[in-house]
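# Structural description and commentary
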Amino acid sequence: MLDTLQQLDTDLFLTLNGYNTPWLDTFMWYFSGKLVWIFLYVSILAGIIYRFGWRRALGILLVIILIITVCDQLCGHFVRYSIERMRPSNPDNPISHMVHIVRGYRGGPFGFPSCHAANSFGLAVFTALLFRSRTITAIMMLWALVTAYSRIVLGVHYPGDLLTGAAVGTLTAITAYYSSRAIYRRYSHRHVTRDSIPTLTISSTMLLTIGIMAITACFTC
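Predicted model only: the values in this text are computed from it and were never measured.

### Topic: the pattern of salt bridges
Taken as a whole and judged by the stated rule, the model has two salt bridges. A salt bridge links Arg-85 to Asp-9; its shortest N-O distance comes to 2.9 Å. Here Arg-85 is found in the loop between helix H4 (80-83) and helix H5 (115-131), whereas its partner Asp-9 is found in helix H1 (residues 2-18), with 76 residues between them in sequence. Across the pair, exposure class does not vary: Arg-85 and Asp-9 are buried alike. Residue Arg-85 is joined to Asp-161 by a salt bridge in which the shortest nitrogen-to-oxygen separation is 3.1 Å. Here Asp-161 lies in helix H7 (residues 159-183) and Arg-85 lies in the loop between H4 and H5, a separation of 76 residues in the sequence. By the burial criterion, Arg-85 is buried, and Asp-161 matches it.

### Let's talk about the packing of aromatic side chains
Within a pair of aromatic rings, the relevant descriptors are the distance that separates the centres and the angle that separates the planes. Counted by the stated rule, this structure contains nine aromatic pairs. Aromatic pair Phe-27 and Phe-31: ring centres 5.7 Å apart, planes at 50 degrees, arrangement tilted. In this pair, Phe-27 and Phe-31 both sit in helix H2 (residues 22-31), four residues apart, roughly one turn of the helix. One exposure class covers both Phe-27 and Phe-31, and it is buried. Their ring planes at 75 degrees and their centres at 6.2 Å tell us that Phe-126 and Tyr-177 sit as a pair that is edge-to-face. Highlighted residues: Phe-126 in helix H5 and Tyr-177 in helix H7, separated in sequence by 51 residues. Residues Phe-126 and Tyr-177 agree in their burial class; the two are buried. Aromatic ring contacts, followed pair by pair, group Trp-23, Phe-27, Phe-31, Trp-37 and Trp-143 into a single cluster.

Conventions we followed
Residues numbered from 1 in each chain as written. Predicted model: local features only at pLDDT ≥ 70, side-chain atom pairs only at ≥ 80, totals over all residues. Heavy atoms only, no water. Salt bridge = Lys/Arg side-chain N within 4 Å of Asp/Glu carboxyl O. Helix = DSSP H or I, 4+ residues; strand = E, 2+ residues; numbered from the N terminus. Buried < 20%, exposed > 50% of the residue type's maximum accessible area, 1.4 Å probe, protein only. Phe/Tyr/Trp six-rings, centres within 6.5 Å; stacked < 30°, edge-to-face > 60°.

In short, shape yes, function no, at least from these values alone.
Take a look at the structure:
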């Protein structure tokens with residue numbers, strides 16, 4: 001059973017990784033980066049401060065840091081080095097010669113589960129629960145999905161790595177959200193407030209960043 005699932009995972013990876021173009025490679029290389037999203041993170045923090053005030057925003061920021069830390073430690077250390085599933089891009093992996101990689105990047109030796117998927121889904125789910133906005137939920141979940149897909153395009157993760165990472169991030173975010181809400185009961189009253197300013201700020205920052213990456217990829221691919 002496990003061998004069958006691994007084979008399906010490998011076949012799906014090779015199929016998705018095989019669909020590539022110079023522009024897509026460059027765009028996904030940028031998308032998969034961390035510093036490129038600094039303005040998105042700032043806009044989320046600004047929205048939290050606007051919605052909840054400085055004092056509560058500090059507590060929420062600590063919860064977000066906790067989510068990222070838990071996801072990073074679970075996926076990047078405890079689970080990854082216990083299971084030791086090689087990345088598809090690992091030269092020691094029998095399929096590595098069939099993997100399309102970008103800019104020579106292969107990542108570390110092991111890739112299960114994906115830290116990128118865990119962190120991005122952790123932030124996306126927590127942000128969605130926090131603001132209770134359909135627009136923010138859609139944008140953040142799409143961002144997390146594309147971030148996960150970018151890791152396939154770059155050739156460093158199997159779909160199974162990403163699904164497991166996404167599950168870890170989602171469960172961690174849900175647990176952290178409802179635990180923190182139990183401590184700060186008044187958060188729930190703030191959530192039902194309809195306010196377009198955080199939605200406009202976060203969505204416009206996201207779209208602007210993606211637009212800049214798309215245009216830049218056209219000239220650098």
